[in-house]
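Tertiary structure, described
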Amino acid sequence: MARRGKKKGRPVSGWVVLDKPVGMGSTEAVSKIKWLFQAEKAGHAGTLDPLASGMLPIALGEATKTVPYVQDGAKIYRFTVAWGDERSTDDLEGPVTKSSDVRPAEAEVRALLAKYTGVIMQTPPQFSAIKISGERAYDLAREGETVDIPPREIEIGRLEIIEHHADRTVFEVECGKGTYVRSLARDMGRDLGCFGHISDLRRVEVEPFTQEDFVTIAELEAARFGVQGEDRPEPADGAEPIEIPVDFDAIDALLVDTSAALDCLPQIAISDDAATKIRLGNPVIIRGRDAPVEAEEACATARGKLVAIGAIEQGMFKPKRVFAG
């Protein structure tokens, strides 16, 4: 029998609410954060395109168990649509495929907003991660294929004009899971008869996180090394690498607690004895006048620390996913 390898990294847990810069891919960002924290495990809650900036929630350690709750949360984007050109990627990356000299008036754009608010059907971009016959749409698109991507139901809670100019409009949208902002730009441009594409995109919120939770890579580097990346001393040619002190306490202080991702669930405070039983997979009786008798999902905490996610049935908490103490 093959021996299991020893886990590499620290068993650190929590959320890094990264303000991702333009030009960095989501996978690259996760790798960078995992390295900075020397974490055993890391993952993100919703891809953000390299050309987009803003909120990329990255889970470390036990927080990876809560990723689905953040992925399902509402998101807010601030984006600019450049009118006059439609592009193959629906953003600045791809070549122009259609053009028009028409430019919409603000009143025309404003009159269109109601059509894109509420529960609507949306067709994802050709360059998207949607799977078609087992292959990613963007892989097929890069090979020159035009694929038939079926529309799907999405929900947009709010779509507002922030600024309007002759050749571009700045919007803010609050939307649910699965919404493609690039598709919004494409479809609005077609409806207005002028075509359009995303020229700037920034994600400012992913529920339950807000801009107050933002942290930059420079701030994380400064916390870990005491200096920012560009100020870190480099050894002379042929010299030994310069040892830089590592302060994990400082960088760990920038983490958002794992339980923050579960604010959407009922919170049940339990005793230390009950926590021990739950971590062994055993159900416990929920006590307290305000404790719910039934709940499909709830999270149990002991001394403010997350213990488990589970169901409450007939006054009993039954663990489904347990977290390390």
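Residues numbered from 1 in each chain as written. Predicted model: local features only at pLDDT ≥ 70, side-chain atom pairs only at ≥ 80, totals over all residues. Heavy atoms only, no water.

Looking at an unreviewed UniProt entry, the chain carries the name tRNA pseudouridine synthase B, with the source organism given as Rhizobium loti. Among the UniProt annotations of the chain, the heading Sequence similarities (unreviewed entry) holds the following wording: "Belongs to the pseudouridine synthase TruB family. Type 1 subfamily." (UniProt positions renumbered as here; feature names shortened; annotations may be inferred.)

If you walk through the whole model with that rule in mind, you get three aromatic pairs. Ring plane angle 50° and centroid distance 5.5 Å describe the contact between tryptophan 15 and phenylalanine 209, whose orientation is recorded as tilted. Note that tryptophan 15 is positioned in strand S1 (residues 14-20) and phenylalanine 209 in the loop between strand S12 (196-206) and helix H6 (217-225), a separation of 194 residues in sequence. No difference in accessibility class separates tryptophan 15 from phenylalanine 209, as the two residues are buried. Between phenylalanine 79 and phenylalanine 171, the aromatic rings sit 5.2 Å apart at their centres with planes inclined by 20°, giving stacked as the arrangement. Separated by 92 residues along the polypeptide, phenylalanine 79 in strand S4 (residues 75-83) and phenylalanine 171 in strand S11 (residues 168-175) bring together distant segments of the chain. The two residues phenylalanine 79 and phenylalanine 171 agree in class, both being buried. (Phe/Tyr/Trp six-rings, centres within 6.5 Å; stacked < 30°, edge-to-face > 60°. Helix = DSSP H or I, 4+ residues; strand = E, 2+ residues; numbered from the N terminus. Buried < 20%, exposed > 50% of the residue type's maximum accessible area, 1.4 Å probe, protein only.)

The next point concerns the layout of surface pockets. Vacant regions in the atomic arrangement are exposed by a probe of water-molecule size rolled over the atoms. Estimates place the volume of the second largest pocket at around 470 Å³. Lining the second largest pocket are 23 residues, and of these Ser13, Glu62, Thr258, Ala324 and Gly325 sit closest to its centre. Put simply, the parts of the chain that give the lining of the second largest pocket at least two residues each are helix H8 (272-279) and strand S16 (305-313). A class-by-class count of the residues in the lining of the second largest pocket yields eight nonpolar, six polar and nine charged. Split by domain, the lining of the second largest pocket shows at least three residues from each of two domains, domain 1 (12-71 + 207-220) and domain 3 (264-320). (1 Å grid on protein atoms, 1.4 Å probe; cavity = no way out; pocket = protein on both sides within 12 Å on 5 of 7 lines; lining within 4 Å. Points joined across faces, edges and corners; volume = space filled by probe spheres on them. Nonpolar A, V, L, I, M, F, W, Y, C, P; charged D, E, K, R; others polar. Domains from an automatic or database assignment.)

Checked against the element boundaries, aspartate 273 lands in helix H8. A sequence separation of 29 residues divides aspartate 273 from alanine 302, and the C-alpha atoms of the two residues are 9.4 Å apart.

The next thing to look at is the packing of helix H1 (residues 26-37) against H6. Across the interface, H1 lies against H6 with an axial gap of 10 Å and an inter-helix angle of 15°. On the basis of the axis angle, H1 is roughly parallel to H6. Crossing handedness for the pair H1 and H6: left-handed. Contact with H1, carried on its side by Lys32, Ile33, Trp35, Leu36 and Phe37, involves Ile217, Leu220, Glu221, Arg224 and Phe225 of H6 and no other residues of that element. Residue composition of the contact of H1 with H6, grouped by class: seven nonpolar, no polar and three charged. (Axes fitted to C-alpha atoms, helices over the stretch in contact; angles between N-to-C directions. Parallel < 35°, antiparallel > 145°, perpendicular 65-115°, else oblique. Left-handed = near helix turned anticlockwise from the far one by under 90°. Contact = heavy atoms within 4.5 Å.)

Take a nonpolar patch on the surface next. Together, Val22, Leu51 and Leu92 give the surface a local cluster of nonpolar side chains, amounting to about 260 Å² of exposed area. With respect to the helices, strands and loops of the structure, leucine 92 is situated in the loop between strand S5 (85-87) and strand S6 (96-99). Residue leucine 92 is classed as partly exposed on the basis of its relative accessible area, which comes to 44%. (Patch = residues over 30% accessible without salt bridge, like charges linked within 9 Å, V, L, I, M, F, W, Y side chains within 5 Å. Areas by Shrake-Rupley, 256 points an atom, 1.4 Å probe, with all protein chains shown as cover. Salt bridge = Lys/Arg side-chain N within 4 Å of Asp/Glu carboxyl O.)

The five strands are arranged S13-S15-S16-S17-S14 in an open sheet whose pairing can be described as mixed. Unpaired on one side and paired on the other, strand S13 (267-269) and strand S14 (284-285) mark the two borders of the sheet. Examined bridge by bridge, S16 and strand S17 (residues 316-322) share six bridges and lie antiparallel to one another. Each bridged residue has a counterpart across the sheet, and for glutamate 313 the counterpart in S17 is methionine 316. With respect to the sheet, H8 is in contact with S14, strand S15 (295-302), S16 and S17, its orientation differing from that of S16 by roughly 75°. (Pairing = 2+ DSSP bridges.)

This next bit is on the pattern of salt bridges. Taken as a whole and judged by the stated rule, the model has 19 salt bridges. Between aspartate 49 and arginine 182 there is a salt bridge, with the nearest N and O atoms lying 3.3 Å from each other. Taken together, the residues span a long stretch of sequence, with aspartate 49 in the loop between strand S2 (42-44) and strand S3 (53-60) and arginine 182 in helix H5 (residues 181-191) at a distance of 133 residues. Classification of aspartate 49 as partly exposed rests on a relative accessible area of 27%. For arginine 168, the salt bridge identified is with aspartate 167, shortest N-O distance 3.4 Å. A single salt-bridge network, built from bridges that share partners, covers Arg78, Arg158, Glu160, Glu172 and Glu174.

This part takes up H5. The buried fraction of H5 amounts to nine of the 11 residues, a majority that puts the element mostly inside the structure. Of the residues trailing H5, glycine 193 is marked for its positive phi of about 70°.

The pairing of S3 with S12 spans two bridges and is classified as parallel. Across the sheet, the residue bridging to glycine 54 is arginine 203, located in S12.

Let us now look at the environment of leucine 184. With respect to the element layout, leucine 184 can be found in helix H5. Overall, the relative accessible area of 1% leaves leucine 184 in the buried class. Separated by 11 residues in the primary sequence, leucine 184 and valine 173 have C-alpha atoms spaced 9.9 Å apart. Contacts of leucine 184, omitting those with residues within four sequence positions, involve Phe79, Tyr116, Gln122, Ile156 and Val173.

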